[in-house]
Amino acid sequence: MSRIPKILSLIVAALAAAAFQIGAIAYLPRPFSLFAIPVAVMVFLAIARQTSALFWFAFVAGIALESASRAPFGAMLISLLGTATLLEFATRMIVTTHTIYALLASTAIGVAGFTLIYGAFSFVRDILGGNAPDALFSAQDFFLSLFVNVAAIGIIQMIRASRRFLIRHA
Amino acid sequence: MTPRKYGLLIVLVAVIVFAHGRGYLKPIEWGIGKAVGSAARPFTAIARAFSGARHQEAVPEEIRATLEAQTVEIIRLKEELGELELLHGYAAQANYATVLARIVGKPADGSRSFLVIDRGETHGIRERLPVISGEGVLVGTIAKVTPATAIVRLLTHPESKIAATTLDAARTLGVVQGEQGLALSLTLVPRGETLAPGMRVVSSGLGQGIPRGLLIGTLREVYDIPSEAFLSASITPPRTYDLLPLVGVLVSPL
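What you are looking at is a predicted structure, and each value in this text was computed from that prediction instead of being measured.

What counts as what
Counting restarts for each chain, with residues numbered from 1 along the sequence as it is written. Chains carry letters from A onward and ligands carry numbers from 1 onward, assigned in written order. Two thresholds apply to this predicted model, a pLDDT of at least 70 for residue-level local features and 80 or more for giving and counting side-chain atom pairs, whereas whole-chain, interface and lining totals are computed over all residues. Side-chain figures throughout are based on the complete set of non-hydrogen atoms in the structure, without hydrogens or water. When checking whether two residues touch, look at their non-hydrogen atoms; a contact exists if any pair is within 4.5 Å. Two parts placed together each lose some accessible area; with a 1.4 Å probe, that loss summed over both constitutes the buried area. Each reported salt bridge corresponds to a side-chain nitrogen of Lys or Arg within 4 Å of a carboxyl oxygen of Asp or Glu. Whenever two N or O atoms come within 3.5 Å, that pair is a polar contact, provided that in protein one can donate a hydrogen and the other can accept it, and provided that, for residues adjacent in sequence, both atoms are side-chain atoms. Segments assigned H or I by DSSP are reported as helices when at least four residues long, segments assigned E as strands when at least two residues long, and all are numbered from the N terminus. Residue polarity is assigned by list, with Asp, Glu, Lys and Arg as charged and Ala, Val, Leu, Ile, Met, Phe, Trp, Tyr, Cys and Pro as nonpolar; anything else, Gly included, falls into the polar class. Accessibility here uses a 1.4 Å probe with only protein chains present; expressed as a share of the type maximum, an area under 20% marks a residue as buried, one over 50% as exposed, and anything in between as partly exposed. Like-charged residues within 9 Å of one another, or nonpolar side chains (Val, Leu, Ile, Met, Phe, Trp, Tyr) within 5 Å, are grouped into patches, provided each residue has over 30% relative accessible area and no salt bridge. All accessibility values rest on the Shrake-Rupley procedure with a 1.4 Å probe; residue burial counts only the protein chains present in the view. A residue counts as positive if it is Lys or Arg and as negative if it is Asp or Glu; His and the chain ends are not included. All charge positions are set by atom: Lys at NZ, Arg at CZ, Asp at CG, Glu at CD. For this analysis, a nonpolar core means a set of buried residues of the types Ala, Val, Leu, Ile, Met, Phe, Trp, Tyr and Cys, connected via side-chain atoms within 4.5 Å. Centre distance within 6.5 Å is the pairing criterion for rings of Phe, Tyr and Trp, where only the six-membered ring of Trp is used; planes under 30 degrees apart are then read as stacked, over 60 as edge-to-face, and the remainder as tilted. Lysine NZ or arginine CZ positioned within 6 Å of the ring centre and within 35 degrees of the ring normal marks a charge as sitting over the ring.

A. Broad picture of the interface of chain A and chain B. Contacts between chain A and chain B engage 36 residues on the former and 39 residues on the latter. Buried surface at the junction of chain A and chain B, both sides included, amounts to about 3300 Å², of which 69% is carbon and sulfur. Applying the counting rule to chain A against chain B returns 0 salt bridges. The interface formed by chain A and chain B includes 6 residue pairs in polar contact (both at pLDDT 80 or more). Breaking the side of chain A that touches chain B down by element, the ones donating at least two residues are helix H1 (3-23), helix H3 (51-65), helix H4 (75-94) and helix H5 (100-128) of chain A. Classifying every residue of the side of chain A that touches chain B by side-chain character gives 22 nonpolar, 9 polar and 5 charged.

B. Region of interest: helix H2 (residues 37-47) of chain A. Residue and element names in this part refer to chain A. Here H2 lies mainly inside the structure; 10 of its 11 residues are buried. Where H2 is concerned, the buried positions are Ile37, Pro38, Val39, Ala40, Met42, Val43, Phe44, Leu45, Ala46 and Ile47. Two residues or fewer after H2 comes Arg49, characterised by a positive phi angle close to 60 degrees.

C. How the structure looks around a positive patch on the surface. A contiguous patch of positive charge on the surface is contributed by Arg3 and Lys6 of chain A together with Arg4 and Lys5 of chain B. Looking at the positive patch, the elements with two or more residues in it are H1 of chain A together with helix H1 (3-22) of chain B. Considering the arrangement of structural elements, one finds Arg3 of chain A in helix H1. Under the relative-accessibility criterion, Arg3 of chain A is labelled exposed at 61%.

D. Local environment of the pattern of salt bridges. All names here are of chain A. In total, this model carries 5 salt bridges over all chains according to the counting rule given. Among the salt bridges present, the one from Glu88 reaches Arg92, with a minimum N-O distance of 3.2 Å. Highlighted residues: Glu88 and Arg92, both in helix H4, separated by 4 residues, approximately one helical turn. Taking relative accessible area as the criterion, Arg92 reaches 45% and is therefore assigned partly exposed.

E. Fine view of the nonpolar core. Counting 62 residues, the largest nonpolar core has Met42, Phe57, Leu80 and Leu81 of chain A as the members making the most contacts within it. Residue contributions to this core peak at 11 residues, all from H3 of chain A. In contact with Met42 of chain A, other than residues within four places in its own chain, are Leu54, Phe57, Ala58, Leu80, Thr83, Ala84 and Leu87 of chain A. Among the nonpolar cores identified, the runner-up in size contains 45 residues, and Leu115, Met199, Ala233 and Leu244 of chain B belong to it.

F. Region of interest: the environment of Leu86 of chain A. Residues and elements named next belong to chain A. Along the chain, the position of Leu86 falls in helix H4. Measuring from C-alpha to C-alpha, the distance between Leu86 and Ile7 comes to 22 Å, with 79 residues separating the pair along the chain. Setting aside its immediate chain neighbours within four residues, Leu86 contacts Ile109 and Gly113.

G. Focus on the packing of aromatic side chains. For the structure shown, the criterion picks out 4 aromatic pairs over all chains. Seen in terms of ring centroids, Phe55 of chain A and Tyr6 of chain B are 6.1 Å apart; in terms of plane orientation they differ by 75 degrees. Their pairing is edge-to-face. Placement of Phe55 of chain A in helix H3 and of Tyr6 of chain B in helix H1 is noted, with the two residues assigned to different chains. On the accessibility criterion, Phe55 of chain A (7% relative accessible area) is buried. Pairing Phe114 of chain A with Tyr118 of chain A gives two aromatic rings, centres 5.9 Å apart and planes at 15 degrees, and the pair type is stacked. Note that Phe114 of chain A and Tyr118 of chain A are positioned in helix H5 at a spacing of 4 residues, about one turn of the helix. Tyr118 of chain A gets classed as buried once you look at its relative accessible area, which sits at 6%. Above the ring of Tyr27 of chain A, the side-chain terminus of Lys106 of chain B is found at 5.2 Å from the ring centroid.

H. Spatial organisation of the environment of Glu80 of chain B. Within the secondary structure, Glu80 of chain B is located in helix H3 (residues 61-94). Since its relative accessible area comes to 10%, Glu80 of chain B is described here as buried.

Right under this line is the structure:
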């Protein structure tokens, strides 16, 4: 694929992921609403070593999700770009194989990174706004989010890898 | 990624945040907000239809496939029409300039007690304005505004505190507070005041920017704990906030 159509398709994919996240996933009962579609897509891009696609996706999804973020402007963008950096480093230096374990470990690293960076912004917002930071709930959400995202990515990968879902030609 | 590219990325993010702060990005933010809001709305309508349909009887299997798409669309249109009629009726009699807004989703961080609406700064919406559903039911207040969208903090959020009064002869005053993002309670009611299940609770007008008389809910259970200085009560809101298709933002008195 040449460069321009590839970038355009990434922009459309990032906007669609953002729309699906705020319009559908956020309406699921907890803890399923903690599944982060943009982070999931970024994990697959990182594992596939699509570095520039990873950063383009993080950039566009970050800008798109700013319109539905409670944190100050820039928090979502910086969180997703930080997660992309972390994923790029992890897949280059730590989880270098293409196994399901590498995928799940990358997911855990990505989700933990995103939750911690975004959580730091929320913490600062609460402190500056004079509200008590909800540390207990955030810790609970952190572990729930890790579990839900790792489980979801595992299921998605099992479906992708299953031969039963492929069309067999005679 | 080379260190040079990382450097460029940091500079780009810094420029974007600076340009946002100066207001240079408003047209772009408006366009992106509109695009994401429009794209999210069909997902939200389907999510709401499924949430509402969980409590209804199943349609026979043989006709379900044919009817599914039309049913979702009809449910969405009926909900919007009903809500629109109620909001228009309320806005006409309340003497308040009201901006009608569609709900396009919830914040991306999984927060329970917030909604995203498709009207923002360019439509005259500002932080702390009250948000109502049909017939003047108070839903929450505006927590954050972008050029094309805004985030509504629902009454169920723990940080939400609304000055309220009961709708009876005694006019008992108190504060309606969110409980863990799930429920509402009337607190800080002085001992000796009368509270009883079934009493209606409305905004008292003593809070900043929230007019008097917006319905909040009905008292469900009253807690009179001898060791505590105040009475409190749980409140049942008249609407399920998650299922609302439209809301009105009370912008200014006419």
